[in-house]
Each structure stands twice: as structure tokens, then as C-alpha cells.
Amino acid sequence: MARLLLLLPTLLLLRVHATSQDIPNCVLVKPNPPNNSGAPAELGKEFTATCLLRHPLKADNIVWAYNTGIRNVQFPRKYYKKINDTAGSITFNVTEDMRSFVTCSVKDPYTFTPTDCTFVTYGILLDKGYPPQKPTALKCQSVQKDTKISNNVTCEWNPGTRDPRIQTEYTLCVEVVGQMFRRQATNSSGTVVLEIFPHHEIVKIWVEVENALGKVRSEPQEELADNLIKTNPPANVRIPEPAFPRSLLIQWNHSIDQSYVRLKYKIRFREKKSATWLQVPEEDTKDYQDSFRLQFLKPYTEYVVQVCCKHEEDLGYWSDWSLSAIKRTAEDQPSSKPDIWMNSALDGSALHVQLVLKKPVESNGKILAYDIIVVGNGEPKLVQLPFKGDEPFQVYEFTVQRHSVVFVEVTANNSVGVSPKADMAVPLTTPELPPVDGLVVFSQNNTFQVEWSAPQVEGPPTEYVLEWVSLLDGQHGWQREQRHTTKTYIRDNTLRPFVPYNVTVTPVYHRSYRDRLSFKAINLRPPGKPQTVTLYLKEGVPVAVPVVQVERTWKHSAELFWSEIPLEKRQGFITNYTIVYESNGIVASQTVPPHVHSLVLNNLQKDGYYTIKLVASTVAGSKSSDAFNMRTSKYDPGEIEMIVVAVCFGFLFLTILTIRLCFKNRETLKKKFWPQVPDPYNSTVAKWSPDLSARAGSPKEATLGDLSVVEVDVFEQKSLCGDEDKASLAALKKDKYLSEEHSSGIGGSSCMSSPRQSVSDSDEADSGQTTASTVQYSSVVGYKGQTPGGASSSTTASNSSSSSSSSSSSSSSAGINGGTSGSQTPAHTFARSESTQPLLDSEEQQEGSGQNHAGRAGSLFRRHHHHGLGDADGFGGAGGDGTGGGAGMRLHPSEQDEQDCGSLEFCPAEDAAGAEPPASDAHLSRPPYMPQQSGYRPQ
């Protein structure tokens, strides 16, 4: 049992539900860590915990669990180990999720009497972490304090990459001549205070690290104490004497007395405008000294100088650099020639030349002016151009003849002297020298890389000029490259991204020309044809995109346009434009090349509402403009006018067609809309008299081929005027031979004593008729003014008269004039107008409406009797029974309003019966019908 306890780690059993003072003899803990601290446990390693129980608790009833901070988790029983009946252990792997106690719970199932040890739970709190790592890279030093070395030794080290996670102590230890100095430190540095600094003595230094899981120490470091020294930098560094053009004298003071440390020095310097330091070789400053002369410097250039020091025997550390001393060297004569370049433009026979000048790179002083000599046709021209120091280059312009050989010589001068001469020939227009081949320019490392091939020509270029110009602000620069160079970069740190540049490579040749005046050979350096590439140092998304505008719209299309993006807002090459348009949730787009700034959208909806955006794209991305709203037209331009014109032409065509049809069918339309109204006044019936056959000039034989037979049926109770009438009607009926097509349908008795009931060409009569009479009529042969023929005494004469007269009445002249009953009187024929047919038809309709009212209706109209009207007219007759000739004449109802009181009036039947019969006349003095006043009257 004792052997098992020796293998167990330190355990802390803390009672959760009761303290050990309350139940002192339930559990025996051995060993018990002091101060209730946690049990250290290394993460990822196995840990063993043991429970020692007191009777009646049994080891078989132990339950092990741990808490994750959220819930309790029981360990599997396979990790349990029973030591004896009162002791049990568990071995498990320590993990991060064991955030609280590992518990041991015990309950005795055989104890029925409650005791203090019936049910207890104890827990072990784990202090999880790692053992310390061994410190490395130990470095110690003692710095200068005032005029001697401090007795403080300060060290730094690397504690390792793993955090112990539990409390760990670091101790810095220094041993000097058997004497130990210890001091608590942080995890990476510490300082030990010695009694005095042990010059020339050996010291031993190390670091100890310890925590609950282990203890380690660094490798001891033994070295000479002087190897820990770091002095202050030299003081009062200065350049006292007047500057020379190419040298400076540097002086300083020692930082410590040589009795403590004998020093050596190190010097560095740079141009003030440069960030690169140049260092004097250490062999030149290894001695104990307090001054040094810098040589081979540039004239008229500001320099910055610093000095540091170290132990002469190369022990210890270099001091920090001293404060800077700044001095400008004196001026000297310019040692390099000015840099010149030309741009030319041809204007007719003159060539305008723009000479661009930059000061010499090694101007060695302040340039005061440029001396320019223009040589043309052997005549030199000297011009002095004052120098402007605030501009990167200056321009001089002049004009020469087109075909002349002209060259320029330029020198720069300062207060000391004149620079070497720079010369260049004016570019020749003919013959033009060839350019470089295969020029390629691309952006790399915030500058432009330029590559090309040398032109294949006899007498290759002597040099190349690489030129760049900003297209936004005109920033300009150039550099020269040697004849064998075909790859370089632009040495300019002022290049900016999102700015377009023109990069040009121009070869410069060496050619000999002969002066036309002096005939001397002239060696010139004319430039060849330049090659240019436009590009950006870095491309970006356009800053702004213009809004689309509508030029015009149609029903199914629209023409759009947009302005070009300003160069300063492009930030790159525009690869394409995309028009995005949306309507009713349907999105469509069209892409056009970058040089196109207008587009016609087709297949749009009629009268549709569209939202349009313009998207401009570069290789870096795209940007869209603000939305623009547009509505397509309801009609195309001119479509309304075409519709109106078409409707007008159609209406005009229909109008002309209608008028033409009206003129062509005017008679039909006249009869349709203005039907013929009978004109009784112009009817020959009005001129009828019993002696028609005796009248001269009668057109009897004109057209009497067609006759109408009118059959008149009379009630049995009504008799005709006399036996003579009946005999005449019988004779007419016997002689009926006319066609049915030409029947006029005029009916009535010869004396008009009673209206007829029907008109028919047949010989049969209705059942209600007792008597039938047939009266012959002839066709119309004339109008007013024609004289009907009189009746002949014989049947032959009667037929001849019937075939040649115009029909107008149906009464017998013999019956009307007095009713003489002698010999049988032949039937007369009457001439009438065709216009009386509607009147007769209306009379038939009125008469056929009812037999009971026929006689009454026929007596409603009567003729007023005037003087001159006698029985010969057929209108005289018997008195009160209404059978006389005057009572038999009826007018059409539409004619009633046109008759005045003197000609026709409405009278009751009884008044007509009592009227005085008119006197007989040989002929009619007034026609039985009044003439129409205005055209036809509707029936």
C-alpha cells in the first residue's frame, strides 16, 4: 500500500458538500498540499488520483467525474482501479475541458442508518500547465554611466515559444570570482547589481526557471567582463574648417577616458537628399583618434556625417551613432554637359523646333545660365537663356528652314566655370531615320519597364532617349541609355498611379553631312523616328460615369448617347461600355466598344417605362452611372400623320364614290327619297269631256297598244246611275284585251255614285259583290295641254279612241250628262297621267278597308260648284243620295291641305246631299286636282 502511494501525484481532496472539520474521519488524504492550492497537472499527460475511504464506505461504490464548466461528465469505469476495499484510484489524460473539479463520489448501499459518512463527495482541482522550457540566446551588457562603466549587468534571453500557463519563476544569476549574485527577473530580461564592475575579470552568467511541474536552467555563459561593455557615442561631432569642393574634415570628442576603455571608431555619411549611407572602411579608423577627413565628395552637395565607437580590442558592443553633423561642399566647375532634347513641328516650308534643356547632373554648383548656339547654313546664332532653378527643365524655341541642316550646341555655366558642350542636330524631315523595333512597355515595381530591339540599319544608334510625359498635367522627363541597352526602367520616383503616360523611345544616330556653303563635313547626332506607347502605372475603377441621355425615341426603339469620360476620371483604359436597361423586372444589356458613345436599343415595348444605367469597365473593375428613366413613344414619328392622311384619303374616296353613285342612280334615289306625288292639275283627266272623240289634235293613234281593264264591283243594294251605264260597262268588259302588267288600277262607277270594293283584271267577282263593271283606260301619252279624243258613235270608233287617248277618269259621259236612255251609248276612253297611279292605289286601299264604310268615306269630299261647270263635265248628278257626279270625285288625303276653301273643303255627307247641283258646261274650266306647289309630296 505504501508503495502505491509513492507513485501517486499530489492530490487535493476538497469536500464539496461538507468540510473535513465536520466529518474528520471519513477520508484520509495523504499527502495534503498546503494552502488549499491546486494539484499541478501537465496538459496532454496522464494524471492519477486516489480516494482513501473510511468504514463503512466501500471502494466499489466510488464514482469519478469531472466538470466542464457547464455539466458533469463521468469517467468510464475502465479507467478505475481498486486498490483495496477502502481505496480506489483513476488514471486519465488531462485535457483543456477539465475546467473545474475532478470529483470522487461515494455512497454505502448497506448503511440504512444515516451517518455523517453515508454519502460524501470530494473533488480535486487541477492546476493545468506545462513545465518550463530552457532559456536560450542569453546576452548581457554593462553600459556607460557618466565617465565610467556601470556595475549593473543587464541581460536578455529567449524564454521559449511555449507559455507555461502556471506560475513560473525566473532568476538571473551572476558569479564573479566565487561570489554569487542572484536577482528575480521577468520571463525575458533581468538585471543584477554588482559591487563594482570587474574589469579584466571572468564572469559566469545563467538563468534559472522553475514551476510546480519542473525546473530548468540555461547554459552558463563565461566571458571576460570587458566583453560586456557598451560606451556612449562620441560627443560634439563637427566640421569646423571651410569646405573644399570634394572633401570635409570631421572632428569629435572621446566618450570615456582611455584608462577605462581604449576606443576605436566608425564613420558613415550620405548626401542629405539621399537615404543611402556610405561607410568609411574600419581599417581607416581603427586607431584611437578624434578626427578624420572625408574625400572624393561631390562639389556643392550637402552631406550628413555620424560617428560611433567600441573597445579597441573589439570587445563589447558598438555604441549608438552620434548626433549628425551637416555641411555643404564648395562649388566647382560643372563636370557634365547639360541634357537637351528636341520636339519639332512642320509648318509649310518652316520647321518649328522646341529645345528642352535640363541642367547637368554634375553641375557642381548653382547654374546661372545656358549658352545656346544655333548653327544653320554656316551662320551661328548665340543666345543666353537665364537658368530658372524652380523648374525641372527649360524650353527654347526657334524656327529653321525645312530642308536646311541645323544643329545646336548648349553649355551651362556657374560661378566657377562652364560645363562641357552638348550638341544635337535638328530632326530631318527627309530622309527619316528608322525607329526602334518591338517596343514593349509595362508596369512593374511602381515604375515602367521598357524593352525594345535595335533597328536593323547600317550605322546603328549611338544612344537611346527614353521620354515620358503625363497626359494630365504635362509632367515631362527623359533619360539616356547607352547604345547596347535594349532593356531598362524609368528612373523617376514621381510617377503616379491612375495617370496616363506617353512613353517614347527615340534612337539617336551619328551621321556626317556636308555644309552647302563651306562644303565641310559636319558630324551630327540626328534623332530617328520616335516610337510611343500610352499606358498607366496602375489602373483603377473610373471615378465617375456620365448619365445616359436620350436623343430620340420610337415605338419599339430608342437612340441613346453619352459623353466621353474625362481623362482625369478614367483611371485606366476603358475596355467597353455596357448599357443596362430594365422594365417590369426584366433586365437586359448591350455592350459596345470604348470608342462608341451612342447606341440604338431595339425590340423595346411600346409605351414602356425603362430604367437605364451606363457601366464603364476597365481591367480593374466597373462603375455604373446614376439611373436614368425613359419612356418609349406610343406612336412612331409620322405614324399619326400617316393615319390621319390615310383616313382623309379614305373618306375622300368614299365621298367621291358616294357622289358618283348618287349621280349615276339619281333617278332611283329621287324615287326612293322623293317619290312621285300625283299632280292632278297636269293630268289629262282634268281636261276630259264627253266629246273627247270630237276634239281635234288628239293623239289617239300615238301609243294605244296597252290598255288597262279596271273591274269595279258594286254592292247589290247600290245601283249604277242608270241602265246606260250598266250597258257601257258590259260592253267594256266584253272587249277586255289589255295586259295585266299595264293595269292602272283606277276603279269606281261611271258616275262615281259609290266607291268600288276591289280592282281586278279577272272576270270573277267576290261573294259580297253583285255587280261588276269594266272600264277601259289607255296608257299615258301626254300631260297638260294634250286634248283627249271624243267618243265615236260606233264601237269601232270607241275602240280607236281608247287605244290613242291618255286615261284619266272612269265615268261614262253619257251617264253623267243626264241619263238619257235612248240607244246604247258606246264606252269612252280616257287619257290619264302615270302619276295618278299612287292616288288610285291609295283610293283602293281606303275603299278596300271595309265595305260598310266605303260609301261613307267616298262622300266625305265634294267639289264646290262654280260657274261654268255643267253636266258635260261629269260632275252634275242627282241630289241628296250622293250618287251624282260631284259626289263621286275624291282627293288623296295628302292633297287636302293644299286646297283652299274655294276649291275643296271637308263636308259631311249630309251637306253634300243637300248641295245644289252645278250647271252643265261643255268642258272643264278648272282641273279636278290642284297642282303641287313644290315637287313631289310623300304619299
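Note that the coordinates shown come from a computational prediction; the quantities given were computed from them, not determined experimentally.

Novice: What is the right way to read the side chain of lysine 555 from this model?
Specialist: As for its position among the elements, lysine 555 is in the loop between strand S43 (549-553) and strand S44 (558-561). Excluding residues within four positions of it along the chain, lysine 555 makes contact with Leu604, Gln605, Lys606, Asp607, Thr632, Ser633, Lys634, Tyr635, Asp636 and Glu639.

Novice: Sorry, what's going on with the pattern of salt bridges here?
Specialist: Where charged atoms from two side chains of opposite charge come close, those side chains can pair. Evaluated as defined, the whole model comprises 27 salt bridges. Its salt-bridge partner being aspartate 339, residue arginine 480 comes within 2.7 Å of it at the nearest N-O pair. Here aspartate 339 lies in strand S27 (residues 339-347) and arginine 480 lies in strand S37 (residues 476-482), a separation of 141 residues in the sequence. Measuring nitrogen to oxygen at the nearest pair gives 2.6 Å for the salt bridge that ties glutamate 564 to arginine 570.

Novice: Could you clarify how one ought to interpret the nonpolar core in this entry?
Specialist: As a rule of thumb, soluble globular proteins bury nonpolar side chains together. Within the largest apolar cluster, 42 residues are counted, with the highest numbers of intra-cluster contacts made by Cys155, Trp157, Ile205, Ile250, Trp252, Ile267 and Leu294. With residues up to four places along the chain from it excluded, the contact list for isoleucine 205 reads Leu138, Cys140, Val153, Cys155, Leu172, Cys173, Val174, Glu219, Pro220, Gln221 and Leu228. With 27 residues, the next largest nonpolar core counts Tyr370, Tyr396, Ala412 and Met424 among its residues.

Novice: I tried to follow the confidence of the model for the protein on my own but got confused; where do I start?
Specialist: Low pLDDT means the predicted atomic positions in that stretch should not be read closely. Overall, the predicted model of the protein reaches an average pLDDT of 74, with 65% of residues at or above 70. Across residues 692-722, confidence stays below pLDDT 50; counting only partners more than four residues off in sequence or on other chains, it has 139 contacts. Here residues 728-939 scores under 50 on pLDDT; set against residues more than four positions off or in separate chains, the count is 497 contacts.

Novice: Can you help me understand a nonpolar patch on the surface in this one?
Specialist: On the surface, a cluster of nonpolar side chains totalling about 440 Å² of accessible area is made up of Tyr635, Ile640, Ile643, Val644 and Val647. Inspection of the secondary structure puts isoleucine 640 in helix H3 (residues 639-664). The partly exposed category is assigned to isoleucine 640, whose relative accessible area is 45%.

Novice: Where do I start with the sheet that holds strand S28 (residues 350-358) in this structure?
Specialist: In sheet architecture, strand pairing relies on hydrogen bonds along the backbone and comes in two forms, parallel and antiparallel. Reading across from one edge, S27-S28-S31 is the order of the 3 strands in this open sheet, with antiparallel pairing throughout. Edge positions in the open sheet fall to S27 and strand S31 (394-401), since each of these has one partner strand only. On average, each strand axis in the sheet is tilted by 20° relative to the strand beside it, whichever way the strands run. Judged from the 9 bridges that link them, S27 and S28 form a sheet pairing that is antiparallel. Bridge pairing links isoleucine 340 to leucine 357 in S28.

Novice: What am I meant to see in the packing of aromatic side chains here?
Specialist: The relative placement of two aromatic rings is captured by the distance of their centres and the angle of their planes. In the structure shown here, the tally under the stated rule is 13 aromatic pairs. The interplanar angle of 50° and the centroid separation of 5.1 Å between the aromatic rings of tyrosine 66 and phenylalanine 75 together place this pair among those described as tilted. A relative accessible area of 8% means that phenylalanine 75 is categorised as buried. For the ring pair tryptophan 252 and tyrosine 265, a centre distance of 5.1 Å and an interplane angle of 55° mean the geometry is tilted.

Conventions we followed
Residues numbered from 1 in each chain as written. Predicted model: local features only at pLDDT ≥ 70, side-chain atom pairs only at ≥ 80, totals over all residues. Heavy atoms only, no water. Helix = DSSP H or I, 4+ residues; strand = E, 2+ residues; numbered from the N terminus. Contact = heavy atoms within 4.5 Å. Salt bridge = Lys/Arg side-chain N within 4 Å of Asp/Glu carboxyl O. Core = buried A, V, L, I, M, F, W, Y, C linked by side-chain atoms within 4.5 Å. Buried < 20%, exposed > 50% of the residue type's maximum accessible area, 1.4 Å probe, protein only. pLDDT = per-residue confidence, 0-100. Patch = residues over 30% accessible without salt bridge, like charges linked within 9 Å, V, L, I, M, F, W, Y side chains within 5 Å. Areas by Shrake-Rupley, 256 points an atom, 1.4 Å probe, with all protein chains shown as cover. Pairing = 2+ DSSP bridges. Axes fitted to C-alpha atoms, helices over the stretch in contact; angles between N-to-C directions. Phe/Tyr/Trp six-rings, centres within 6.5 Å; stacked < 30°, edge-to-face > 60°.

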